[in-house]
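Examination of the molecular architecture
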Amino acid sequence: MTTGNHLTDHPELYEERFPDPGRLAARWAEDTLRRYAAGPRVLDLGCGTGRDAAWLHHRAGRRVTAVDTAAPMLAHARRHHPGPDYRHADMRDADLGRAFDAVLCLDSALLHCHTNADLAACLAVCARHLAPGGLLVAEMRNGAHLLGDPSLLDGPTTASFRRGGTTHTSRTTLHVDHAAQLLRRHRVWTADDGSPPHEENTAWRLLLPQELRYFLAVAGFDVLALHDGPGPRTEPPWREGAPPGTALRADRLHLVARLAPRPPHDGETPPRPPHDGGTPPRPHHDGDTAP
């Protein structure tokens, strides 16, 4: 049995397993960038196969620099989705020597920061690369969703897809590592072409909305929007012109934050809880979530 991340090592299988022919993720990102009047320079952190970066570069007229740590993904991106400036770098310590109007972290890229130190370092990279007033736009799994709906952990689950005459099947088991605050995934891939099984173990940080707000405030960001959809991975999915939601119950989080003009918090005293200006809102019950 082989190990490693099967889809990362084989980007063509990743695009087959997670097809996005209409480039829904990139279109949602562009709609968000336009909604908040972001400039043309975009940094895509954790760009994967480059589908979204290339669409934003060619179709939306953005000047995109795209970063990933997976060499096979970058090679695939340069070959199949050319146009952006692809760079091999780690989102926790990247130093590209230039400023951007917006940073994108799509498809739970931010949740590969497993520890508090990792997350703080990544947000510092985002802040360091943003021009004054620049945007951070992120889309990720919502850790709070598991508090109310643990059915995601029922399993194992099996999924199959076919490519080039070969059927690829995954058997997946998820569990929560409470101490580390991680969603851990064990997956075994098999194929009907006689190749050996492939085992992989991956994990994502489980971030709660208020926890995320705190990390962003410490890093010098003001949160403009934080909601559970609609987005590119919600059900129903985002459609052109759909306004941002207001709830935080579902499986995905969608974040828009602006780099604040004030200097980042120095860590000696807690920052003030972020709000939308004026009198801080009083706690209230909206009828859908617990008070």
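This write-up is about the structure you can find in this document.

The rules behind these values
- Residues numbered from 1 in each chain as written.
- Predicted model: local features only at pLDDT ≥ 70, side-chain atom pairs only at ≥ 80, totals over all residues.
- Heavy atoms only, no water.
- Helix = DSSP H or I, 4+ residues; strand = E, 2+ residues; numbered from the N terminus.
- Buried < 20%, exposed > 50% of the residue type's maximum accessible area, 1.4 Å probe, protein only.
- Contact = heavy atoms within 4.5 Å.
- Areas by Shrake-Rupley, 256 points an atom, 1.4 Å probe, with all protein chains shown as cover.
- Axes fitted to C-alpha atoms, helices over the stretch in contact; angles between N-to-C directions.
- Parallel < 35°, antiparallel > 145°, perpendicular 65-115°, else oblique.
- Left-handed = near helix turned anticlockwise from the far one by under 90°.
- Phe/Tyr/Trp six-rings, centres within 6.5 Å; stacked < 30°, edge-to-face > 60°.
- Core = buried A, V, L, I, M, F, W, Y, C linked by side-chain atoms within 4.5 Å.
- Pairing = 2+ DSSP bridges.
- Expected span 1.5 Å × (residues − 1).

Focus: the overall build of the protein
- Regarding its fold elements, the protein presents eight helices and 12 strands.
- Among the 291 residues that make up the protein, the fraction classed as buried is 47%.
- When contacts within the protein are restricted to residue pairs at least 6 apart in sequence, long-range pairs at least 24 apart make up 66% of them.
- Summed over all atoms, the accessible surface of the protein reaches about 14,600 Å², with 52% contributed by carbon and sulfur.

Here we look at the side chain of His 81
- Mapped onto the secondary structure, His 81 falls in the loop between α5 (71–80) and β4 (85–88).
- Sequence-distant contacts of His 81, defined by excluding residues within four places in its chain, comprise Glu 15, Arg 23, Thr 49, Gly 50, Arg 51, Ala 54, His 76 and Tyr 86.

Notes on the packing of helix α3 (residues 24–35) against helix α4 (residues 51–58)
- Look at α3 against α4: their axes get within 8 Å of each other, and the N-to-C directions meet at 50°. When the axis of α3 is compared with that of α4, the two are oblique. Here the hand of the crossing between α3 and α4 comes out right-handed. Contacts from Ala 25, Ala 26, Arg 27 and Glu 30 of α3 reach α4 at Asp 52, Trp 55 and Leu 56.

Notes on the packing of aromatic side chains
- Tallying each qualifying case throughout the model produces two aromatic pairs.
- The interplanar angle of 55° and the centroid separation of 5.2 Å between the aromatic rings of Tyr 14 and Phe 18 together place this pair among those described as tilted.
- Residue class for Phe 18 comes out partly exposed when judged on its relative accessible area of 24%.
- Between Phe 161 and Trp 189, the ring centres sit 6.1 Å apart and the planes meet at 80°, which makes this aromatic pair edge-to-face. Of this pair, Phe 161 sits in strand β7 (residues 157–163) while Trp 189 is found in strand β9 (residues 182–191), placing the two residues 28 residues apart along the sequence.

Quick word on the nonpolar core
- Membership of the largest hydrophobic core comes to 37 residues, with the highest contact counts inside it found for Leu 136, Leu 212, Leu 216, Phe 221 and Leu 255.
- Taken together, the elements giving at least two residues each to this core come down to β2 (41–45), β5 (100–105), α6 (116–129), β6 (130–141), α8 (209–218), β11 (221–227) and β12 (252–259).
- Broken down by element, the residue count for this core peaks at six residues, all from α6.
- Discounting residues that sit within four places of it in the chain, Leu 255 has contacts with Leu 136, Val 137, Ala 138, Leu 212, Leu 216, Val 223, Ala 225 and Leu 226.
- In terms of nonpolar packing, the next biggest core, distinct from the first, is built from 27 residues, Ala 29, Leu 56, Ala 66 and Tyr 86 among them.

Section: the side chain of Asp 101
- You can see Asp 101 is positioned in strand β5.
- Using a relative accessible area of 15% as the deciding quantity, one classes Asp 101 as buried.
- Not counting the four nearest positions on each side in its chain, Asp 101 is found in contact with Gly 39, Pro 40, Arg 41, Leu 130, Ala 131, Gly 134 and Leu 135.

A short note on the sheet that holds β12
- Strand order in the open sheet formed by seven strands is β4-β3-β2-β5-β6-β12-β11, with mixed pairing between adjacent strands. The open sheet is flanked by β4 and β11, the only strands paired with a single partner. Here the strands of the sheet are splayed against their neighbours by 20° on average, with no regard to which way each runs.
- Note: β2 against β5, three bridges, orientation parallel. In the strand pairing of β5, Val 42 is matched with Ala 102.
- The strands that α5 touches are β3 (63–68) and β4; relative to β4, the one it contacts most, it runs at about 165°.
- Running at roughly 160° to β11, α8 makes contact with β6, β11 and β12 of the sheet.

What about the pairing of β7?
- In this sheet, strand β8 (residues 166–177) lies alongside β7 in antiparallel orientation, the contact comprising seven bridges. Pairing of Arg 162 across the sheet is with Thr 167, part of β8.

Focus: α6
- The end-to-end C-alpha separation of α6 is 20 Å, in line with the 20 Å expected for 14 residues at 1.5 Å each.
- Residues Asp 118, Leu 119, Cys 122, Leu 123, Val 125, Cys 126, Ala 127 and His 129 constitute the buried set of α6.
- Tucked inside the fold, the buried residues of α6 contact β2, β5, β6, α8, β11 and β12.

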